[in-house]
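# Geometric and topological summary
Here is what each chain is made of, one letter per residue.
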Amino acid sequence: MIFPAGMPRSLAYLDQALANGMEVVGSSSLGHDPARERYSRWVQLPYVTAPEFDQALRQAVAAHDIGSIYTPNPVVWDYLQRRLERDFPGLVLVNSAPLASEMAPYARALAFGKAVLAQPFGLAASGEQAPAAATQIAALFRHAETIPGMCDQEKIRALCEVFRYCPAGDVVEVGSWWGKSAFVLASLARCHGTGKLLCVDPWTSKHLVQANKSDLIDNVAWDASEALTVFQLNLLPYANGMVNYLRLPSVEAALEYRQDHVVETEAFGRTEYSGNIALLHIDGNHGYAEVRADIASWCDLVRPGGWIVMDDYAWAYGDGPRRATDEFLFQHAARISCAFFSGGALFIQVAS
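Residues numbered from 1 in each chain as written. Predicted model: local features only at pLDDT ≥ 70, side-chain atom pairs only at ≥ 80, totals over all residues. Heavy atoms only, no water.

For the protein, the count of helices and strands is 11 helices and 13 strands. Projected onto the principal axes, the alpha-carbon positions of the protein cover approximately 80 × 45 × 40 Å. Within the protein, the proportion of its 352 residues that are buried is 51%. Pairs at least 24 residues apart make up 69% of the contacts formed inside the protein by residues separated by at least 6 positions. For the protein, the computed accessible surface area is about 16,900 Å², with 54% contributed by carbon and sulfur atoms. Side-chain charges in the protein split into 27 positive and 38 negative, and the spacing between the mean points of these groups amounts to 5 Å. (Helix = DSSP H or I, 4+ residues; strand = E, 2+ residues; numbered from the N terminus. Buried < 20%, exposed > 50% of the residue type's maximum accessible area, 1.4 Å probe, protein only. Contact = heavy atoms within 4.5 Å. Areas by Shrake-Rupley, 256 points an atom, 1.4 Å probe, with all protein chains shown as cover. Lys, Arg positive; Asp, Glu negative; His and termini not counted. Charge placed at Lys NZ, Arg CZ, Asp CG, Glu CD.)

We now examine the packing of aromatic side chains. Counted according to the given criterion, the structure contains 18 aromatic pairs. Ring centres of phenylalanine 231 and tyrosine 245 lie 5.9 Å apart, and the angle between their planes is 85 degrees; this geometry places the pair in the edge-to-face category. Residue phenylalanine 231 is located in helix H8 (residues 224-239), and its partner tyrosine 245 is located in strand E7 (residues 243-246); the two are separated by 14 residues in the primary sequence. A residue is classified by how much of its surface remains accessible, and tyrosine 245, at 10% relative accessible area, is buried. On the numbers, 4.9 Å between centres and 5 degrees between planes, the contact of phenylalanine 340 with phenylalanine 347 is stacked. When its relative accessible area of 0% is taken as the criterion, phenylalanine 347 is described as buried. (Phe/Tyr/Trp six-rings, centres within 6.5 Å; stacked < 30°, edge-to-face > 60°.)

A few words now on the packing of helix H5 (residues 134-145) against helix H6 (residues 153-162). Helix-helix packing is characterised by the crossing angle of the two axes and by the distance between the axes. Where H5 contacts H6, the two axes come as close as 12 Å, and the packing angle between them is 145 degrees. Like other packed secondary-structure pairs, H5 and H6 cross with a definite hand, here right-handed. Along its contact with H5, which presents Ile137, Leu140, Phe141 and Ala144, the element H6 presents Gln153, Ile156 and Cys160. Looking at side-chain class alone, the contact of H5 with H6 contains six nonpolar, one polar and no charged residues. (Axes fitted to C-alpha atoms, helices over the stretch in contact; angles between N-to-C directions. Left-handed = near helix turned anticlockwise from the far one by under 90°. Nonpolar A, V, L, I, M, F, W, Y, C, P; charged D, E, K, R; others polar.)

Spatially, the seven strands line up as an open sheet ordered E7-E6-E5-E10-E11-E13-E12, and their pairing is mixed. Whereas interior strands pair on both sides, the edge strands pair on one side only; in this sheet they are E7 and strand E12 (336-342). Averaged over all pairs of adjacent strands, the angle between their axes in this sheet comes to 15 degrees, without regard to strand direction. As defined by bridge partners, strand E10 (residues 277-282) adjoins strand E11 (residues 302-310) across five bridges and the pair is classed as parallel. Looking at the pairing, isoleucine 277 lines up with valine 302 of E11. Where H6 meets the sheet, it contacts E10, E11, E12 and strand E13 (345-350), and its direction lies at approximately 10 degrees from that of E13. Contacts from helix H11 (residues 320-331) reach E11, E12 and E13 within the one sheet, and its direction differs from that of E13 by about 20 degrees. (Pairing = 2+ DSSP bridges.)

Side chains Val263 and Thr265 project from strand E8 (residues 262-265) onto a buried face, and the interleaved Val262 and Glu264 project onto a face without burial. The pairing of E8 with strand E9 (residues 269-272) spans four bridges and is antiparallel. Paired with valine 263 across the strands is threonine 271, a residue of E9. Taking the residues between adjacent antiparallel strands as the criterion, E8 and E9 are bridged by three residues.

These results come straight from atomic positions and should not be treated as a statement about function.
This is the structure:
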């Protein structure tokens, strides 16, 4: 039984239970609960504070052969946790304390923020600024956790560091998809006053073909249009005129960026860019030729002291990013003042 049945976490648990083939009884104390139509079986229970609650629950358990209860309501959970073993033998709570589970992500985020400050990288890089506050880093990490994507803790931590050494200018991301790393970039750019974020992604199925050696990535049924919608939903609350996107292949987008520093979309409105890149994050198509084209299209626009982040330099499905990046390193060694590997990405600072 799920009680109360209409809370957001209750409905999420319902979907998971039904997907696993479980039989579910919904229950509520509301006179009219809109969630009732989601359940095939339903029980009306008094409020947990009512004297008749225990008897009504016993009747429901017997009538529907209920063996367990899921409740995201902390008051209901606490009441049942104290009473079940004594008054309802055989009936169990399937979830842990709601308050503890609700607060756990925030505790992890705060621990991450403190760890970033306690263990700096100690980069031999130019343009050092003061680090962000632990609460700022924690907030960034907490919200990033809610966005799907591959930007892990180690990479986020490295980005927190390199933004301390960024000059002012645009932040450009090639390959944004759902927007996880884009959110991190936009947040750090705002925190350090770096500049506005431009996201470049065609969001089309034909540009997803990676030609990876293992032939695994290309078999995944990605939905490009859905990804763009998810990207917009993830970034809109934080954009505030500082984020926009070009729905174009990387090479075409670079040409447009060079010609016109104004980007306008229906979702994000009008954004004016400087034309000078402070940080370039390349995470587009991972084929060797495609990565080379991304580097050739954008890297000369990175200003002195700026950063180039080559994502998936160590990639499990192929060597396109590494080969193209190594060529760039060899050809432009004199322009590079600092480089390090973290979170699967290679971070390169252009010499001042």
